[in-house]
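Here are the chains, one letter per residue:
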Amino acid sequence: MTETIPVQPEKVPGQEVVLTVVSTSVTPVTSMSHDGVGLHGVHHKSESDLAFVVGHGFTNHVAKPYVARVLARFAAHAGVVAFDFRGHGRSEGRSTVGMDEVHDIEAAVRTARELGYRRIATVGFSMGASVVIRHAALGETRPDAVVSVSAPARWWSRETAPMRRVHWLLEQPHGKLAARAIGVRLGESWVQPPESPLEVVGRITPTPLLLVHGDLDHYFAPEHAVSLHRASLGHAELWIEPGMRHAESATTPDLVDRMAAWIAAKIEDEE
């Protein structure tokens, strides 16, 4: 299908505001992860040879309005491939809350290459941010650049009320039923915890890495991003965004544009 994206220009006093409309082709895509989970998502087609592979946050999916807005804004700059993570939206399987979702990002990267994109940047939000960090460090194929937005540095973070509610879903007997009511199909608890983003972020070098975090994030305090930056041994670039809260719902068009420009510049420098 063709989606029409209104792009609101800056308002100049005394001048009539003209709405620019960008049209992009959006088609459904499917894939199978290496561990056999059927994945469903969207592809925003572009003539660019660059694609953004985008991973959403916990409880989200690609059709949620604020996620779809972020995808559409990225599509103004290059191609976009985004799957619902396992246990979310239209994808099959059950959520492992960041562990096996590395296979989902790998499948999305593979799909983007099959669609003809030569350069791939992974962009993740919240849970998806932890996944793109772990994928870049541990995955079979490395992206050309990585952007992590509102990532947790470590597991079992309970410093905030929203994260205490998340852990109630994950740990209490009725949590799976409650999670299903908000659209998430949870898998079994971890037997062996996977390496955390903090433990693996140093292995991403030399792939360019951008860490973005709001100073008002009410899920993970900015110290998570600072810890990741420190663990990258200075390789990562850190943006602490004034007035920003958490993940996709707090991501403005201006921030998407700046992240897209950062990716384009870093990939160009690598060539």
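In the block above lies the structure referred to throughout.
Bear in mind that the values here come from a model prediction, so they are computed numbers and not experimental data.

The first and last C-alpha atoms of helix 2 (residues 101-114) sit 20 Å apart over 14 residues, in line with the 20 Å expected at 1.5 Å per residue. The buried fraction of helix 2 is high, at 10 of 14 residues. Of the residues one or two after helix 2, Gly116 is the one with positive phi, at around 105°.

Take the packing of aromatic side chains next. In the structure shown here, the tally under the stated rule is 3 aromatic pairs. Look at Trp155 and Trp190: their rings are 5.2 Å apart centre to centre, the planes differ by 65°, and that puts the pair in the edge-to-face class. Taken together, the positions of Trp155 in the loop between strand 7 (145-149) and helix 4 (161-171) and Trp190 in the loop between helix 5 (175-181) and helix 6 (197-200) put the pair 35 residues apart, joining distant regions of the chain. Between Trp156 and Trp190, the aromatic rings sit 5.8 Å apart at their centres with planes inclined by 70°, giving edge-to-face as the arrangement. Taken together, the positions of Trp156 in the loop between strand 7 and helix 4 and Trp190 in the loop between helix 5 and helix 6 put the pair 34 residues apart, joining distant regions of the chain. On the accessibility criterion, Trp190 (25% relative accessible area) is partly exposed.

This paragraph deals with the pattern of salt bridges. Counting across every chain of the model gives 11 salt bridges. Salt-bridge contacts for Asp49 lead to Arg118; the nearest nitrogen and oxygen are separated by 2.7 Å. In this pair, Asp49 sits in the loop between strand 3 (38-44) and strand 4 (50-55) while Arg118 sits in the loop between helix 2 and strand 6 (119-125), placing the two residues 69 residues apart along the sequence. A salt bridge links Asp49 to Arg119; the shortest N-O distance between them is 2.8 Å. In this pair, Asp49 sits in the loop between strand 3 and strand 4 while Arg119 sits in strand 6, placing the two residues 70 residues apart along the sequence. With a relative accessible area of 26%, Asp49 lands in the partly exposed category. For Arg119, a relative accessible area of 16% corresponds to the buried category. Connected through salt bridges with shared partners, the residues Asp35, Arg86 and Asp104 form a single ionic network.

Moving on, we come to the pairing of strand 5 (residues 79-83). Across the 5 residues of strand 5, 5 count as buried, placing the element largely inside the fold. Neither face of strand 5 is left uncovered, since the one carrying Gly79, Val81 and Phe83 and the one carrying Val80 and Ala82 both have all their residues buried. Sheet topology note: the strand 3/strand 5 ladder contains 4 bridges and is antiparallel. Residue pairing across strands places His43 opposite Val81, the latter belonging to strand 5. As paired elements, strand 4 and strand 5 share 3 bridges and run parallel to each other. Bridge assignment links Ala51 to a residue of strand 5, and that residue is Gly79. Handedness of the strand 4-helix 1 (residues 65-75)-strand 5 crossover: right-handed.

Val53 and Ile133 are the most contacted members of the largest nonpolar core, which has 41 residues in total. At the level of secondary structure, the elements contributing two or more residues to this core comprise strand 4, strand 5, helix 2, helix 3 (127-138), helix 4 and strand 8 (209-214). Not counting residues within four places of it along the chain, the set of residues in contact with Ile133 comprises Ser148, Ala151, Pro197, Val200, Val201, Ile204, Leu211 and Leu228. Core analysis: the next-biggest nonpolar cluster, separate from the first, contains 33 residues, Phe52, Val67, Met259 and Ile263 among them.

Further remarks concern the side chain of Asp217. Within the element layout of this structure, Asp217 appears in the loop between strand 8 and helix 7 (223-231). Notably, Asp217 is buried but unbridged: the nearest opposite-charge side chain belongs to Arg245, and the N-O separation is 8.0 Å. Separated by 2.8 Å, the side chain of Asp217 and the backbone nitrogen of Tyr219 make a polar contact.

This brings us to the packing of helix 2 against helix 3. Contact pair helix 2 / helix 3: the axes reach a minimum separation of 9 Å and the direction vectors enclose 75°. With respect to helix 3, the axis of helix 2 lies roughly perpendicular. Contacts between helix 2 and helix 3 involve Glu101, Val102, Ile105, Glu106 and Val109 from the first element and Met127, Val131, Val132, Arg134 and His135 from the second. In terms of residue class, the contact of helix 2 with helix 3 is made up of 6 nonpolar, 1 polar and 3 charged.

Attention now moves to helix 3. Between its first and last C-alpha, helix 3 extends 16 Å over 12 residues, near the 16 Å set by a 1.5 Å rise per residue. Burial analysis of helix 3 places 11 of its 12 residues in the buried class, the great majority of the element. Residues Met127, Gly128, Ala129, Ser130, Val131, Val132, Ile133, Arg134, His135, Ala136 and Ala137 constitute the buried set of helix 3.

Turning our attention to the environment of His43. With respect to the element layout, His43 can be found in strand 3. Residues His43 and Val53 lie 10 residues apart in sequence; the distance between their C-alpha atoms is 9.5 Å.

Rules behind the numbers
- Residues numbered from 1 in each chain as written.
- Predicted model: local features only at pLDDT ≥ 70, side-chain atom pairs only at ≥ 80, totals over all residues.
- Heavy atoms only, no water.
- Helix = DSSP H or I, 4+ residues; strand = E, 2+ residues; numbered from the N terminus.
- Expected span 1.5 Å × (residues − 1).
- Buried < 20%, exposed > 50% of the residue type's maximum accessible area, 1.4 Å probe, protein only.
- Phe/Tyr/Trp six-rings, centres within 6.5 Å; stacked < 30°, edge-to-face > 60°.
- Salt bridge = Lys/Arg side-chain N within 4 Å of Asp/Glu carboxyl O.
- Pairing = 2+ DSSP bridges.
- Right-handed = clockwise from strand over helix to strand, strands pointing away.
- Core = buried A, V, L, I, M, F, W, Y, C linked by side-chain atoms within 4.5 Å.
- Contact = heavy atoms within 4.5 Å.
- Lys, Arg positive; Asp, Glu negative; His and termini not counted.
- Polar contact = N/O pair within 3.5 Å; in protein donor to acceptor, adjacent residues only side chain to side chain.
- Axes fitted to C-alpha atoms, helices over the stretch in contact; angles between N-to-C directions.
- Parallel < 35°, antiparallel > 145°, perpendicular 65-115°, else oblique.
- Nonpolar A, V, L, I, M, F, W, Y, C, P; charged D, E, K, R; others polar.

That's the geometry; what it means functionally is another story.
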